[in-house]
Amino acid sequence: MSNVYVLDHPLIQHKLTYIRDERTGTKEFRELVDEVAGLMAFEITRDLPLQEVTVKTPVAEATMKTIAGKKLGLVPILRAGLGMVDGILKLIPAAKVGHVGLYRDPETLTPIEYYVKLPSDVEERDFIVIDPMLATGGSASAAITSIKNRGAKNIKLMCLVAAPEGVKVIQDEHPDVDIFLAALDEKLNDHGYIVPGLGDAGDRLFGTK
Ligand code: URA
């Protein structure tokens, strides 16, 4: 069963409150999402393996640690996932970035994949799939299936806000995928929006409506 981690550091909670506020405009929304993504990345990468190296400080030679060259891949789900990529890349600049684009079939409501591009060495990388709003979980689950089908083995899911319904779908369909959230909200409303949520993340990030 996937573990669910709510990364409720005070800085994340503070920034998320302003992200949620309907009075927050596009520029500030984007900046805050970028900052929260960076703060979340700090926690999500807590298990990165380290290796020992020798350094000579101005005072003495010492054995210290550096990250052991683990290959990481970020996979934002288009389009709202793009808003969290730069904040993570500031901390992990060597990560490669793939993309998955999905739309919902208006009749069947199932997610249809229209774009996938992943790093060529999928099998050697650990992936972080990025979906700011885990609502029904349909898109995130389909994106995870898609990258698993292309050879990805180690996947984490990173979301700003989730509804319990979406978390359950990922836990049922991808029990091997740990879920990292800035907040776990109450529920979905009849229109598929997370309550209280923050509205449409893509529209708020890109200033469309
Ligand atoms: N997608 C969003 O952008 N917001 C929601 O509340 C649900 C899905």
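Residues numbered from 1 in each chain as written. Predicted model: local features only at pLDDT ≥ 70, side-chain atom pairs only at ≥ 80, totals over all residues. Heavy atoms only, no water.

## Some points on the packing of helix α4 (residues 138-149) against helix α5 (residues 164-173)
The description of two helices packed together rests on the angle between their axes and the distance between the axes. Stated precisely, the cut-off is as follows: Axis definition: a line fit to C-alpha positions, over the contact stretch in the case of helices; interaxial angles, taken between N-to-C directions, run 0 to 180 degrees. The helix and strand labels rest on DSSP assignments: H or I over at least four residues marks a helix, E over at least two residues marks a strand, and numbering proceeds from the N terminus. Put simply, angles under 35 degrees are roughly parallel, angles over 145 are roughly antiparallel, angles from 65 to 115 are roughly perpendicular, and the rest are oblique. Crossings are classed by handedness, with left-handed meaning an anticlockwise turn of the near helix from the far one by less than a right angle and right-handed meaning a clockwise turn. Contact criterion: two residues are considered in contact whenever any of their non-hydrogen atoms come within 4.5 Å of each other. Three residue categories are used. Nonpolar comprises Ala, Val, Leu, Ile, Met, Phe, Trp, Tyr, Cys and Pro, charged comprises Asp, Glu, Lys and Arg, and polar comprises the others, including Gly.
For the pair α4 and α5, interaxial distance at closest approach is 9 Å and the crossing angle is 25 degrees. Comparing the axis directions of α4 and α5 gives the class roughly parallel. Judged by the sense of rotation from one axis to the other, the crossing of α4 with α5 is right-handed. For the pair α4 and α5, contact is made by Ala140, Ser141 and Ile144 and by Val169, Ile170 and Glu173, respectively. Of the residues in the contact of α4 with α5, the class split is four nonpolar, one polar and one charged.

## Some thoughts on the pairing of strand β7 (residues 111-117)
Selection criterion: A pair of strands is considered paired only if DSSP assigns at least 2 bridges between the two.
Note that strand β6 (residues 99-104) and β7 share six bridges and pair antiparallel. Looking at β7, one finds that Leu102 is bridged to Glu113. Linkage of β6 to β7, two consecutive antiparallel strands, is achieved through a turn of six residues, within which Leu109 is found at a positive phi near 65 degrees.

## Considering α4
Residues spaced three or four apart along an α-helix point in a common direction, a consequence of the helix completing one turn every 3.6 residues. Inclusion rule: A helix is expected to span 1.5 Å multiplied by its residue count minus one. Each residue is placed in one exposure class: buried if its accessible area under a 1.4 Å probe, protein chains only, is under 20% of its type's maximum, exposed if it is over 50%, and partly exposed if it falls in between.
For α4, with 12 residues, the first-to-last C-alpha span of 16 Å sits near the 16 Å given by 1.5 Å per residue. Taken together, the buried positions of α4 are occupied by Ala140, Ser141, Ala142, Ala143, Ile144, Ser146 and Ile147. Of the residues trailing α4, Gly151 is marked for its positive phi of about 115 degrees.

## Describing the site of the ligand
Put simply, the test is: Residues are classed as near a molecule or strand on a simple rule: at least one heavy atom within 4 Å of it. In protein, a polar contact requires one atom able to donate a hydrogen and another able to accept it; more generally it is a pair of N or O atoms within 3.5 Å, and residues adjacent in sequence count only if both atoms are side-chain atoms. Values of accessible area rely on a 1.4 Å probe in the Shrake-Rupley scheme; residue burial ignores everything except the protein chains shown.
Taken together, Met133, Ala135, Gly192, Tyr193, Ile194, Gly199, Asp200 and Ala201 are the residues near the ligand. Here an oxygen atom of the ligand and a backbone polar atom of Ile194 are 2.8 Å apart. Surface burial for the ligand is 82%, taken as the share of its 240 Å² of free accessible area covered by protein chains.

## Observations regarding the pairing of strand β2 (residues 50-56)
By the criterion of burial, β2 is predominantly exposed, with just zero of the seven residues buried. Relative to strand β3 (residues 61-67), β2 is paired through seven bridges, and the arrangement is antiparallel. The residue of β3 that forms the bridge with Leu50 is Ile67. Remark: four residues form the turn of the hairpin made by β2 and β3, two consecutive strands paired antiparallel.

## Quick word on the UniProt feature "binding site: uracil" (unreviewed entry) in the protein chain
Quick note on the threshold: UniProt positions are given in the numbering used here, feature names are shortened, and annotations may be inferred rather than shown by experiment.
The positions that UniProt labels "binding site: uracil" (unreviewed entry) are, in the present scheme, Ile194, Gly199, Asp200 and Ala201. Take Ile194: it is sitting in strand β13 (residues 194-195). When sequence neighbours within four positions are dropped, the list of residues in contact with Ile194 reads Met133, Leu134, Ala135, Val161, Ala162, Ala163, Asp185, Lys187 and Leu188.

## Remarks on α5
Put simply, the rule reads: Working definition: the arc comes from the directions between the helix axis and the C-beta atoms, pointing outward to the latter.
Buried residues of α5: Gly166, Val167, Ile170 and Gln171, and no others. Buried residues along α5 cover an arc of 135 degrees about the axis, so they all sit on one side. Looking at the buried residues of α5, the elements they touch are β1 (4-6), β9 (133-134), α4, β10 (154-162) and β11 (178-184).

## Side note on the pattern of salt bridges
For clarity, the threshold we go by: Salt bridges are counted wherever a side-chain nitrogen of Lys or Arg sits within 4 Å of a carboxyl oxygen of Asp or Glu.
Counted according to the given criterion, the structure contains 14 salt bridges. Of the charged contacts in the structure, one is a salt bridge between Lys168 and Asp172, with a shortest N-O distance of 2.6 Å. Remark: Asp172 and Lys168 occur in helix α5; sequence separation between them is four residues, near one turn of the helix. Lys168 gets classed as partly exposed once you look at its relative accessible area, which sits at 47%. Salt bridges sharing common partners tie together Lys71, Asp121, Glu124 and Arg125.

## Considerations on the environment of Lys187
In this fold, Lys187 is placed in strand β12 (residues 187-188). According to the relative accessible area criterion, Lys187 is partly exposed, its value standing at 39%. Taking the C-alpha atoms as reference, Lys187 lies 56 Å from Pro58; in sequence the two are 129 residues apart.

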